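# Report on the structure
Read off the chains here:
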Amino acid sequence: MNIFLTYDYELFFGAATGSVEKCMLEPTNALQKIADRFSISMTFFVDIGYLIKLEEFAPKNPTLQNDLDKVKEQLHELQAKGHSLQIHIHPHWEKSIFADGKWKIETKNAYKLADFSDDEIERIVRTYTAYLNQLTGKKAQVFRAGGWCIQPFSRLEKVFKELEIRIDSSVFSGGHFEAGEYSFDFRTAPKKSNYHFSKDVCIEDESGYFTEYPISSHVYSPLFYWRLYGLGRLFPAQHKMIGDGTFLAQPGRKKLVLTSFTHNHVSCDGFYASKLTTCLNKHRSANATDFVVIGHPKGLTQFSLKALERFVARNYTKHMFKALTEEL
Ligand SMILES: [Zn+2]
């Protein structure tokens, strides 16, 4: 089986964005150590809107210039070590500013690409992709939507084709959330390791231009979330996130997961990492060819880093750890 460890490389988007050091640099360095030890490649979906905003505000602010320099340095290091840097778009950066020493994040009617007009979507996708291509000296070909909000894909199709962005990894089978600024519904998505599509990420089209590598999905029990929320309080040293910001609100989500079985991604963030082996085994018995794990440097914990290291140690000779790239 191919195992893809994929990370959304970004700050937080709630009231506090957190620091570059804690949300991005420090946890990503911890990931690099694991990757180095086992000679494996990972994929980083870079929040390009943030980098573009840094470019805008850095000339007037030495702290932001320092953030920008360090992030670029880390991205170059990741690329030099063979990791794949791909496109992650959180378009709310279009409406966010840096003032009074902090980022003022504006997500209202700006969290999803679909919140923007067709012309704005085209401009955002083109500008962000060009920025990443310039940074890496390569042509980015894999996309992950911020907050998984990729629908309706028909509004992205044209510009993606023009830019030859052929692969998406935003879908997770069974996923569904419509509240606050979030809107995605993957309940009808094919339950496959990968598939072609054209206008709708949930409808397979064998001759479609695009390929979906969905994030692997798992049904989590309420008990899992009771543990997840409880452990952070009981054992903060192991279970507190390294990232020092706050999440964008997901109204009603906590109650939902604590009271019913819910689909969510296979993830190496926090306590989710405890399920990696269980999830891999399930996907193997279902004859999956690909196992796509999502993570966020900001969401890692000491516990999850240890769990990930054990998971890689156990599997790196049995399976292929690969980066999501055009060479698939
Ligand atoms: Zn993101």
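To be clear, the structure that these remarks concern was listed above.
What comes next is a walk through the structure. (Residues numbered from 1 in each chain as written. Predicted model: local features only at pLDDT ≥ 70, side-chain atom pairs only at ≥ 80, totals over all residues. Heavy atoms only, no water.)

According to the stated counting rule, one finds 21 salt bridges in the structure shown. In this structure, Glu 157 and Lys 199 form a salt bridge, with 2.8 Å as the shortest nitrogen-oxygen distance. You can see Glu 157 sitting in helix H5 (residues 157-163) and its partner Lys 199 sitting in the loop between strand S10 (195-197) and strand S11 (210-212), a full 42 residues away along the chain. What makes Lys 199 exposed here is its relative accessible area of 51%. Sharing partners across several salt bridges, the network here consists of Glu 122, Arg 126, Lys 158 and Glu 162. (Salt bridge = Lys/Arg side-chain N within 4 Å of Asp/Glu carboxyl O. Helix = DSSP H or I, 4+ residues; strand = E, 2+ residues; numbered from the N terminus. Buried < 20%, exposed > 50% of the residue type's maximum accessible area, 1.4 Å probe, protein only.)

With that settled, consider the coordination of the zinc ion. Four donors placed tetrahedrally around a metal ideally meet at 109.5 degrees, and six donors placed octahedrally ideally meet at 90 or 180 degrees. The zinc ion binds to the protein through Glu 10 (OE), His 88 (NE2) and His 90 (NE2), with metal-donor distances spanning 2.0 to 2.1 Å. Each donor residue of the zinc ion lies on the same chain, and together they follow the pattern E-x77-H-x1-H. One end of the pair, Glu 10, is in the loop between strand S1 (2-9) and helix H1 (20-38); the other, His 88, is in strand S3 (residues 84-89), and 78 residues separate them in sequence. Of the residues examined, His 88 reaches a relative accessible area of 1% and is grouped as buried. (Donors = N, O, S within 2.8 Å, 3.2 Å for Na, K, Ca; no water.)

With the rule as written, the count across this model stands at 34 aromatic pairs. The interplanar angle of 75° and the centroid separation of 5.0 Å between the aromatic rings of Phe 98 and Trp 103 together place this pair among those described as edge-to-face. According to the relative accessible area criterion, Phe 98 is buried, its value standing at 17%. Judged by its relative accessible area of 5%, Trp 103 falls in the buried class. Between Phe 143 and Phe 160, the ring centres sit 4.8 Å apart and the planes meet at 75°, which makes this aromatic pair edge-to-face. Here Phe 143, found in strand S6 (residues 142-145), pairs with Phe 160, found in helix H5; they are 17 residues apart in sequence, far enough to count as distant. Taken individually, Phe 143 and Phe 160 each receive the classification buried, so the pair is uniform in this respect. An aromatic cluster of at least three residues, connected via ring pairs, comprises Phe 13, Tyr 50, Phe 57, Trp 93, Phe 98 and Trp 103. Its end group placed over the ring of Phe 12, Lys 298 keeps NZ or CZ at 4.8 Å from the ring centre. (Phe/Tyr/Trp six-rings, centres within 6.5 Å; stacked < 30°, edge-to-face > 60°. Lys NZ or Arg CZ within 6 Å of the ring centre and 35° of its normal.)

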